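Structure at a glance
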Amino acid sequence: RSLIGDLVRIAETDANVLLLGENGTGKSMLAQKLHDWSPRAEHPFVKINIGGLSPGVFESELFGHVRGAYTDAKSTRTGRFELANGGTLFLDEIGNLPAEQQPKLLRAIEDGEFERVGSSTTQKVSVRVVSATNSDLPAEIRSGKFRQDLYYRINTFQLTLPPLRERKADIVPLSRYFLAKAALRYGRGDVALTGDAERALLRYRWPGNVRELSHVMERSVLLSGGQRIGAADLRLQDSPGGDDPRFESMTLDQAEIWLLRRAMEDSGGSIQQAADTLGITRQSLYRRLKKHGLDVGCDGTS
């Protein structure tokens, strides 16, 4: 069966979808396509990384708050459910949702109703929910960490995205896409892969999946001297973990972007873990990601 065919058919419905797959397989890209091909495409696509939320901000992020709801609530805030009204809400890393927050999310998904923190007024929204995880949710249910009723509510349809090593036909087209995107970002003009480079890409096992492929293409654009990217420019023999990004050939911004992306990749998208790795606070990491236009919650290759 065709994954794209299933995606198109499911996109035309209004049912909630659960996306499964290893880290970096492109689940957030799939969620975006489900929205783009759906009747809700003219309305917002809102995404949030559940794994990056601390318990203290969960309700405010999802449902919003009114001014004065708590000490730092100096103004009213609109939550993600309200922002996504009429459209699609993408909940990445839903397997990391704490048990105490699951009933609140279940009610919002099931009834389309919630209250902003500090308010008794019930908000009503129409939102399609697309969730993603690399966790074994049935096992989490058996261990009591994930509610079975919530699992059924988010799992009307389920799609599993295979790892990149099992999708050989996707490697070269995706490489060309990411290469063009990086070349545009860094003002490198028309950059192309040589035949040797494409064969090297096909031989590689891609333990980091689509996310790693995206980063390899970006690194190649940053470090290559010409418009043709050869096999040597890919530096695949050094990946993952031992690559030498040759910071001396980068600008400060380029080096910072590389380090931020690598920390987020290694942490599986966890803001706190990435911040700890870089030796900075969560707030500082958020500021740096925003400065460079990097996605705080879902990097497009979840």
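Report follows, based on the coordinates. (Residues numbered from 1 in each chain as written. Predicted model: local features only at pLDDT ≥ 70, side-chain atom pairs only at ≥ 80, totals over all residues. Heavy atoms only, no water.)

Turning our eyes to something else, we now look at the overall build of the protein. Looking only at helices and strands, one finds 14 helices and eleven strands in the protein. A compact globule built from 302 residues should have a C-alpha radius of gyration of about 19 Å, and the protein, at 20 Å, falls within 12% of that. Counting only C-alpha atoms and orienting by the principal axes, one finds that the protein spans roughly 60 × 45 × 40 Å. Across the 302 residues that make up the protein, the buried fraction comes to 52%. Put simply, 71% of the contacts in the protein that link residues at least 6 apart link residues at least 24 apart. As displayed, the protein offers around 14400 Å² of accessible surface, 49% of which is attributable to carbon and sulfur atoms. Distance from the positive charge centre (41 side chains) to the negative charge centre (39 side chains) of the protein: 1 Å. (Helix = DSSP H or I, 4+ residues; strand = E, 2+ residues; numbered from the N terminus. Rg over C-alpha atoms; globule rule 2.2 N^0.38 Å. Buried < 20%, exposed > 50% of the residue type's maximum accessible area, 1.4 Å probe, protein only. Contact = heavy atoms within 4.5 Å. Areas by Shrake-Rupley, 256 points an atom, 1.4 Å probe, with all protein chains shown as cover. Lys, Arg positive; Asp, Glu negative; His and termini not counted. Charge placed at Lys NZ, Arg CZ, Asp CG, Glu CD.)

With that out of the way, let us pick up the packing of helix α12 (residues 252–266) against helix α13 (residues 271–278). The contact between α12 and α13 brings their axes to 8 Å, and the two run at 130°. Considered as vectors, α12 and α13 are oriented oblique to each other. Helix-helix and strand crossings are classified by hand; for α12 and α13 the assignment is right-handed. Judged by residue contacts, L259, L260, A263, M264 and D266 of α12 engage I271, Q273, A274 and L278 from α13. (Axes fitted to C-alpha atoms, helices over the stretch in contact; angles between N-to-C directions. Parallel < 35°, antiparallel > 145°, perpendicular 65-115°, else oblique. Left-handed = near helix turned anticlockwise from the far one by under 90°.)

Attention now moves to the side chain of E61. Tracing the chain through its elements places E61 in helix α3 (residues 58–63). What makes E61 buried here is its relative accessible area of 13%. Here E61 is in contact with I48, L53, R77, G79 and R80, once residues within four sequence places are set aside.

What follows concerns helix α2 (residues 27–36). Taken together, the buried positions of α2 are occupied by K27, S28, L30, A31, L34 and H35. An end-on view of α2 places all buried positions within 155° of arc, on one side of the element. (Arc of directions from axis to C-beta.)

Going through the model one piece at a time under the given rule, you end up with 18 salt bridges. In this structure, the salt-bridge partner of R116 is E82, at a minimum N-O distance of 3.0 Å. Of this pair, R116 sits in the loop between β6 (113–115) and β7 (122–124) while E82 is found in helix α4 (residues 80–83), placing the two residues 34 residues apart along the sequence. Under the relative-accessibility criterion, R116 is labelled buried at 16%. Of the charged contacts in the structure, one is a salt bridge between E113 and R107, with a shortest N-O distance of 3.8 Å. Three or more residues are tied together by salt bridges with common partners; here these are R107, E113, E115 and K124. (Salt bridge = Lys/Arg side-chain N within 4 Å of Asp/Glu carboxyl O.)

Before going further, it helps to examine a nonpolar patch on the surface. A grouping of I4, V8 and W37 is seen on the molecular surface, where their side chains present a nonpolar patch of about 250 Å² in accessible area. Relative to the assigned elements, I4 resides in helix α1 (residues 3–11). (Patch = residues over 30% accessible without salt bridge, like charges linked within 9 Å, V, L, I, M, F, W, Y side chains within 5 Å.)

A few words on the packing of aromatic side chains. Taken as a whole and judged by the stated rule, the model has eight aromatic pairs. Ring centres 6.2 Å apart and planes at 45° place the aromatic pair F81 and F114 in the tilted group. Of the two residues, F81 is situated in helix α4 and F114 in strand β6; the sequence distance between them amounts to 33 residues. Taken as a pair, F81 and F114 share a single burial class, namely buried. (Phe/Tyr/Trp six-rings, centres within 6.5 Å; stacked < 30°, edge-to-face > 60°.)

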